[in-house]
Amino acid sequence: MQLVVARIGRAHGIKGEVTVEVRTDEPELRLGPGAVLATDPAGVGPLTIETGRVHSGRLLLRFEGVKDRTGAEALRNTLLIAEIDPEELPEGEDEYYDHQLMDLDVVTVDGTEVGRITEISHLPSQDLFIVERPDGSEVMIPFVEEIVTEIDLAEQKAVIAPPPGLIDDQAEIDSSWGDES
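Residues numbered from 1 in each chain as written. Predicted model: local features only at pLDDT ≥ 70, side-chain atom pairs only at ≥ 80, totals over all residues. Heavy atoms only, no water.

Student: Quick one: what's the story with the layout of surface pockets, residue by residue and with numbers?
Tutor: Estimated volume of the second largest pocket: approximately 320 Å³. Residue lining of the second largest pocket: 12 residues in total, with Leu 3, Val 4, Arg 23, Thr 24 and Asp 98 positioned closest to the centre. Listing elements by their share of the lining of the second largest pocket, those giving two or more residues are strand 1 (2–12) and helix 3 (98–101). (1 Å grid on protein atoms, 1.4 Å probe; cavity = no way out; pocket = protein on both sides within 12 Å on 5 of 7 lines; lining within 4 Å. Points joined across faces, edges and corners; volume = space filled by probe spheres on them. Helix = DSSP H or I, 4+ residues; strand = E, 2+ residues; numbered from the N terminus.)

Dropping the structure here:
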């Protein structure tokens, strides 16, 4: 399975380094020296990482064969794609890769259908499941232990214990705002 692990940003300096926007929880594993990555657009790659370092909080990479700023700038906005074994699991017990969580059915602890995970948003404070409801609307579910009580990959479902108001019908909430006029 192929997953986007980073997007190349602007060139940094004159020796061929680039900034990267990391899109993986394991940059040390996916973006380490010697890693060979497919690219989008495909004609740019594959690219082999020669060196990597953190500078002012940003990851900088240098690729084999890219020795100057011009070559680095030509890579701007290229997506870096790693080949991942779909059966591979993160090291932590209650950790999951995004691709494992996508398309899981979301149900409450009493079995009520909420919808299907269509996206995972990684925010600084916590991750959010973007869940598409059967009617096509969306609801955001914080991926925290108090709300997401179980992830069952075998059954392809996420069980949640939502606090009041989290998954209530948005139309009811919207109509209550108009009552105060």
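Student: Describe unusual backbone geometry, naming the residues involved and giving the relevant values.
Tutor: Residue Asp 40 is joined to Pro 41 through a cis peptide bond whose omega torsion reads 15 degrees. A cis geometry characterises the amide bond from Gly 45 onward to Pro 46, with omega recorded as 5 degrees. You can see Pro 46 is positioned in the loop between strand 3 (36–40) and strand 4 (47–55). Phi is positive for Gln 156, close to 55 degrees, though the residue is something other than glycine. One can find Gln 156 in the loop between strand 11 (148–152) and strand 12 (157–160). On the basis of relative accessible area, Gln 156 is assigned to the partly exposed category, the value being 37%. (Buried < 20%, exposed > 50% of the residue type's maximum accessible area, 1.4 Å probe, protein only.)

Student: Describe the pairing of strand 12, listing the residues and the values that go with them.
Tutor: Put simply, side chains in a regular strand alternate between the two faces of the sheet. In this sheet, strand 12 lies alongside strand 7 (residues 105–108) in parallel orientation, the contact comprising four bridges. Bridge pairing in strand 12 links Asp 105 to Lys 157. Joining the antiparallel neighbours strand 11 and strand 12 is a turn of four residues, in which Gln 156 adopts a positive phi near 55 degrees. (Pairing = 2+ DSSP bridges.)

Student: Provide a residue-level description of the pattern of salt bridges, including the pertinent values.
Tutor: Inspection of every chain in the model, using the stated rule, returns six salt bridges. Residues Glu 73 and Arg 76 are paired through a salt bridge, measuring 2.8 Å at the closest nitrogen-oxygen approach. Classification of Glu 73 by relative accessible area gives partly exposed; the value is 29%. (Salt bridge = Lys/Arg side-chain N within 4 Å of Asp/Glu carboxyl O.)

Student: Summarise the pairing of strand 2 (residues 17–22); cite the residues concerned and give the values.
Tutor: Bridge count for strand 1 against strand 2 is five bridges, and the pairing is antiparallel. Bridge pairing links Arg 7 to Glu 21 in strand 2. Hairpin geometry of strand 1 and strand 2 is characterised by an intervening segment of four residues between the two adjacent antiparallel strands and by a positive phi of about 75 degrees at Gly 13. Looking at chain direction, strand 2 and strand 5 (residues 58–63) are connected through four bridges and run antiparallel. When the sheet's bridge partners are listed, Val 20 is paired in strand 5 with Leu 59.

Student: Requested: an account of the environment of Val 107, with residues and values cited.
Tutor: Checked against the element boundaries, Val 107 lands in strand 7. With a relative accessible area of 15%, Val 107 lands in the buried category. For the pair Val 107 and Val 159, spaced 52 residues apart in the sequence, the C-alpha separation amounts to 5.1 Å. For Val 107, the contacting residues outside a window of four places in its chain are Thr 112, Glu 113, Val 114, Lys 157, Ala 158, Val 159 and Ile 160. (Contact = heavy atoms within 4.5 Å.)

Student: Just give me the short version of the sheet that holds strand 10 (residues 138–142), but keep the residues and values in it.
Tutor: In any sheet, the strands associate via hydrogen bonds between backbone groups, in a parallel or an antiparallel arrangement. If you walk across this open sheet you meet the six strands as 10-9-8-7-12-11, and the pairing is mixed. Each edge of the open sheet carries a strand with a single partner, namely strand 10 and strand 11. Sheet twist, expressed as the average angle between the axes of neighbouring strands with direction ignored, equals 35 degrees. (Axes fitted to C-alpha atoms, helices over the stretch in contact; angles between N-to-C directions.)

Student: Tell me about the nonpolar core, and name the residues and values.
Tutor: By size, the foremost hydrophobic cluster in this structure holds 20 residues, and its most contacted members are Ile 8, Leu 31, Leu 61, Phe 63 and Leu 80. Elements with a contribution of two residues or more to this core: strand 1, strand 2, strand 4, strand 5 and strand 6 (79–83). In terms of residues, this core owes the most to one element, strand 1, which gives four residues. Apart from the residues within four sequence positions on either side, Leu 31 is in contact with Val 5, Ala 6, Val 22, Thr 24, Leu 37, Ile 49, Leu 59, Leu 61 and Leu 80. (Core = buried A, V, L, I, M, F, W, Y, C linked by side-chain atoms within 4.5 Å.)

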